[in-house]
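Tertiary structure, described
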Amino acid sequence: MDSSMKKKLAAGLVILYAVSLAIFLPTVFQANPNDLITNIINPFGGGNFLWGRESGIIESNVPISEINLTYIVPVNITLHLKVINDYISNTTIHAYYNASPESEYQELVKEYGIVLPIPGQIINVTSQFKAVTNESTINSTLPPYETNITRNVYYEMFNTTPPTPFYYAYQTSDTITQYVPSSGTYANDSGVFSEIPFAAHHLPFNSTIILNITTQPILPGVKESELPNISFIVNLTANHYVSLKEYVTTASFYINTVFINSLQATTTQLPGVSTATSPVLAHFNVPGGNYMVLVDLGLWSNITTVYVRGISPVTYNNGSFHAVVIPPAMIIQIPPFSTTNDPYMVENVTIYAPDDMLNWTYIIPKFEPYAPINEPYTNGQWDHSGNGLNISLLINGKTMYNANLTDYLALYKPNDPFANNPFGYAYHASIEFFLSSSDKIVTYNNTIYVYIEPSQLSSAQIKLVYNDSDYAVQYLFGPVNRNYVENTTGIDVYTPELYMPSIEPISASFFKGQLIDYDYGYNYVIPENDSDIVYLMHVSGDSELVMGVTPTHANATLSIYYPNTPTGSLETTIGTIQGVYVKFANGTMERIYLSNTNITKLFTGVTMPQMSPMPPFWNYSFEISIVGLENILDITPTQALTVLNNSYVIVSYYDMASNTTVTNMTKLVSTPAILNVTAGFDHSFYYAPATPYEDIAVPGDQIFYLVSVDNKLPVYITLTDTSLGATSPTTVISVNTTSIYLTYTNESGMLTTVAVPNIVLTETAPASGIFKGMLYITLTNANGQLLPTGTPLNTTYLDVNGKVIAPVFDIINTTHEMMYINVTFDGVSAYTYYTLTQIPNVIENVTPIVYNPVDGELSTTVKSMISGYYYSGYIVLTISQTPTSPKYSYTEYFNLSATAPSFVVAFDLLPLSSLLNGHTYIVTLQAIVVPLSYEPEHPIGSVGLVFNGTFYFEE
């Protein structure tokens, strides 16, 4: 097959692979109810398609111990046979092919006029091929297809490499043609056996000659030493039957000593010609390496059907499955930053190569994390020494270093990154990046460590090439370059951040700073066995930054050091502290030269440890010593209160990876700034309308149970900064807060942070250094207007300092009731909190008020509105004839609980002699509930109306 034809075939197989998946995915072979084999299933996809060397699931009605497999394709296949040797034999001489003309072989050739294909000649046989073999079944342990005493389920490891013999057969023909000249003394015989020509042009009658042509199939994937020899043998016998006046040549055909058939060519006249031909089934056996043989012959591809027949304990009918050859695929994922400390400088590689996995069925029960990449035989054009995962480091598109990971890759079952992925298990590798003094790549277990010079990071790329080692993938998809998958990923380079506090008191001995950069951080990680993520081996970082001097002492180098890498410690320069300056209050500036002595004085340590990961940054802390600065400037601590007051310490840092310089500064003040935030109350109650009842004296009225609420909460902010106040001794100073944030947990359980407008802090008196301000948290409607008492909660919003934040229902969370108020001024921060609590209806009357003039009893029934909670209290009855007339008050105790949620309240009014029947009085029923433990840990009390209205007393 020429290369152009291979490319066309391979391109067609790519399309057919996609189509076959679409066809086979939802399909399961279904035999009729009386069949033995009921299903042949892919344990991952559920259909009856199987790839390269996968265990298929067989379900049957009765036990099966052995099966027969027959591989067929719906097209003709061309087998290329290479002639290895020839053999000729008569009754006295037995000779093999020899180039020397003096040999016995050549004597026989001359004597009989023999013509045979010579060694090295290629014979092409085109026909319909099939392959047949027998396999034993294995009890299945793959869920949900486990074998048990009531279920005949097995798995079969099709196409695996153990030396299972295969029987190959194809349709061909044999022919014998006899020509007898006028002399009638010999036969001139010629013929074809499986496309192999042969001839004995001078075979005397009543003699026999044996012709043997030994061939080997041309199978690129099979080692030459393992190729089978296929001998095509023709036994020619020429006879003259005088009494019958017949000249007969009998040709008996054999393949490897196995008799195929016999033909006779008979002539009854001189000269005369006769021919005999017959179709035959040619066959040969291959003891091992049959996966490669199947592929080379074209019997394993995306058009193959394999028929499965039970043959033990008895013979049964066929089931079938379809072959699918799948080209590899790859994705690269960069872990996102999150609170789970996903590390930066790590990339996760997932490789889908289902044909490439030889032993996943043994990996699953053992939970082993690694699986070998199965290498094919390495001979001829299929010598893929680069199989596996190739990693290249490219700088500006030029390869600087590369390495191979060829032995083992982690095996795991992914969460289907590819849509409708039926492939089951996949390979996994992790790439970790280091800044280094030289470029290199090191593989260790299942992790690839890439070392890159800092200045090259912005132009670096990682190129990954996975060359599928499965032979069918190589053979079928190689011509269109789908036998491998390639992916290239760049590395994002980030500008570092230099954090320094805005203001620090001179009285402190040191202040902290941080150098923050994505590109520096490193955490030793290893992959999870059953997921596509990696996890940290150490909670804190595994790197540190080390300061060093330069010849000029104007600046200091900064090197990153990785002490805990599995491949050994390393250190490289990644940047420079360009300068440290002091800018005094009068505007003059002095540079601090970074000699060995000054570095150890100015910094409390020469090493910046990597702090615990704080995504999305990697933080390295340092401390600048104020005491050391005073020593370098040769001033005393007392002098420093004046000399350094309102001065700035300025640090400038150059980052090699991003080629940028960042600068920050800290203001030194003689007195510390103190910020204090307090709320007017530690509790703020919301309110809800009560359920109205309809049986009051005036139909249509609605009486609500209300809770008294102060819905305007003041928050007081006080800043104490003597140094700031001293900057203007005669006038009052006003400053703005830097930021104000509210933090609360909403009804959905999500932590929510909202910025609100800053406020002005005004000094209480000139040079006092005390600055005060106030904001309010109020309940409003959606337009920001204050709400009247009794407004339903579904229209109530929280307003902070004039900014409507959210509906109250969004903010109230009975599990996390606290709202935090965080205030910052120029680097100094403080917070307070208060609790949000809703008080619902607690009690209501459920029957009309009834008066019995006979015994003078006034009664009604009340019930709990908060089921499941115990609370008790008093019902107070107040009666007056007019709003201004004397009132009569009666009290009765009640006790409501989960088991007794209702209570009949009755008041004896007979002692009230002034109560006249037939008159209307103002009646008020008031519930006093104390205490009510409704919200956890927050006992509250409430007073509310049960009934308030006029009531007509009649006989």
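Whatever comes next refers back to the structure up there.
Attention here is on the structure that accompanies the text. Everything numeric in this text was worked out from a predicted model, so none of it was measured. (Residues numbered from 1 in each chain as written. Predicted model: local features only at pLDDT ≥ 70, side-chain atom pairs only at ≥ 80, totals over all residues. Heavy atoms only, no water.)

1. As for the overall build of the protein chain
Cut-off, in case you're wondering: Numbering of helices and strands runs from the N terminus, with a helix taken as a DSSP run of H or I at least four residues long and a strand as a DSSP run of E at least two residues long. Three labels apply to residues, based on accessible area from a 1.4 Å probe with only protein chains included: buried if under 20% of the type maximum, exposed if over 50%, partly exposed otherwise in between. Two residues form a contact once any of their heavy atoms are found within 4.5 Å. To be clear on the numbers: accessible area is Shrake-Rupley with a 1.4 Å probe, and residue cover counts the displayed protein chains and nothing else.
Within the protein chain one finds 10 helices and 65 strands. The buried share of the protein chain, taken over its 955 residues, is 52%. For the protein chain, the proportion of contacts with a sequence separation of at least 24, taken over those separated by at least 6, is 64%. Here the protein chain displays about 41500 Å² of accessible surface, and carbon together with sulfur accounts for 53% of that area.

2. Comments concerning the packing of aromatic side chains
How we decide: By convention, a stacked pair of Phe, Tyr or Trp rings (six-membered ring in the case of Trp) has centres within 6.5 Å and planes under 30 degrees apart, an edge-to-face pair has planes over 60 apart, and any other such pair is tilted. As a reminder, the over-ring test applies to NZ of lysine and CZ of arginine, requiring each to be within 6 Å of the ring centre and within 35 degrees of the ring normal.
Taken as a whole, this structure holds 16 aromatic pairs when the rule is applied. Where Y87 meets Y96, the ring centres are 4.8 Å apart and the plane angle is 50 degrees; that geometry is what we call tilted. Given a relative accessible area of 52%, Y96 falls into the exposed group. Measuring from centroid to centroid gives 5.1 Å for F205 and Y247, while their planes differ by 50 degrees, and the two rings are tilted. Of this pair, F205 sits in the loop between β14 (196–204) and β15 (207–217) while Y247 sits in strand β17 (residues 246–255), placing them 42 residues apart in sequence. Of the two residues, F205 and Y247, both sit in the buried class. Each residue in the set Y71, F166, Y168, F284 and W300 is aromatic and connected to the rest through ring pairs, giving one cluster. Directly above the aromatic system of Y451 lies the positively charged group of K440, at a separation of 4.9 Å from the ring centroid. The positively charged end of R591 is found above the aromatic ring belonging to Y593, 5.9 Å away from the centroid.

3. A closer look at the environment of Y620
Note on placement: Y620 falls in strand β43 (residues 619–625). Judged by relative accessible area, which is 0%, Y620 ranks as buried. A sequence separation of 76 residues divides Y620 from E544, and the C-alpha atoms of the two residues are 7.2 Å apart.

4. What about the side chain of S194?
Considering the arrangement of structural elements, one finds S194 in the loop between β13 (186–193) and β14. Each residue touching S194, except ones within four places of it in the same chain, is listed here: I123, V125, Y170, T172, S173 and F232.

5. Focus on the nonpolar core
Soluble globular proteins: nonpolar side chains tend toward being buried together. Formally: Throughout, nonpolar core names a set of buried Ala, Val, Leu, Ile, Met, Phe, Trp, Tyr and Cys residues whose side chains join them through atoms within 4.5 Å. Note that domain bounds follow an automatic or database assignment of domains.
Ranked by internal contacts, the top residues of the largest apolar core, which has 83 residues, are I88, I114, Y168, F198, L236, L299 and W300. When we break this core down by domain, the ones giving at least three residues each are domain 1 (72–267) and domain 2 (291–477). Counting 70 residues, the second-largest nonpolar core is a separate cluster that includes I395, Y449, I599 and V651.

6. So, the sheet that holds strand β31 (residues 460–467)
The condition is simple: Only strands joined by at least two bridges in the DSSP assignment are considered to pair. For helices, the fitted axis covers only the stretch in contact; all axes are lines through C-alpha atoms, and the angles between them, taken along N-to-C directions, range from 0 to 180 degrees.
Strand order in the open sheet formed by 4 strands is β26-β25-β31-β32, and the pairing between neighbours is antiparallel. For this open sheet the edge positions go to β26 (398–405) and β32 (484–490), each flanked by a neighbour on one side alone. Sheet twist, expressed as the average angle between the axes of neighbouring strands with direction ignored, equals 20 degrees. Of the pairings in the sheet, the one linking strand β25 (residues 388–395) to β31 comprises 8 bridges and is antiparallel in character. Bridging across to β31, I395 finds its partner in A460.

7. Here's the deal with the sheet that holds strand β33 (residues 497–499)
In spatial order, the strands read β33-β35-β43; together these 3 strands make up an open sheet with antiparallel pairing. Strands with a single pairing partner mark the edges of an open sheet, and in this sheet they are β33 and β43. The average undirected angle you get between the axes of adjacent strands in this sheet is 20 degrees. The pairing of β33 with strand β35 (residues 510–516) spans 3 bridges and is classified as antiparallel. Counterpart to E497 in the pairing with β35 is I516.

8. Focus: the environment of T133
Stated formally: What qualifies as a polar contact is a pair of N or O atoms within 3.5 Å, subject to a donor-acceptor requirement within protein and to the restriction that residues adjacent in sequence count only when both atoms come from side chains.
By the secondary structure assignment, T133 is in strand β9 (residues 129–136). Considering only alpha carbons, one finds T133 and F166, 33 residues apart in sequence, at a separation of 4.9 Å. Ignoring sequence-local partners within four residues, the contact set of T133 consists of I67, N68, L69, T164, P165 and F166. A distance of 2.6 Å separates the side chain of T133 from the backbone oxygen of P165, its partner in a polar contact.

9. Quick word on the pairing of β26
Across 7 bridges, the pairing between β25 and β26 is antiparallel. Bridge assignment links L389 to a residue of β26, and that residue is L405. Between the end of β25 and the start of β26, which pair antiparallel, lie 2 residues, with N396 showing a positive phi angle near 55 degrees.

10. What to know about the pattern of salt bridges
If charged atoms from side chains of opposite charge come close, those side chains can pair. Selection criterion: Salt-bridge detection follows one rule: a side-chain nitrogen of Lys or Arg within 4 Å of a carboxyl oxygen of Asp or Glu.
Going through the model one piece at a time under the given rule, you end up with 3 salt bridges. E486 is paired through a salt bridge with K463; the nearest N and O atoms lie 3.9 Å apart. Of this pair, E486 sits in strand β32 while K463 sits in strand β31; the two residues are 23 residues apart in sequence, bridging distant segments of the chain. Judged by relative accessible area, E486 falls into the partly exposed class, the value being 43%. Exposure remark for K463: the relative accessible area of 26% places this residue in the partly exposed category. Linking E623 and K512 is a salt bridge whose minimum nitrogen-to-oxygen distance equals 2.7 Å. Pair noted here: E623 is in strand β43 and K512 is in strand β35, with a separation of 111 residues, a long-range link. The exposure class of K512 is partly exposed, given its relative accessible area of 48%.

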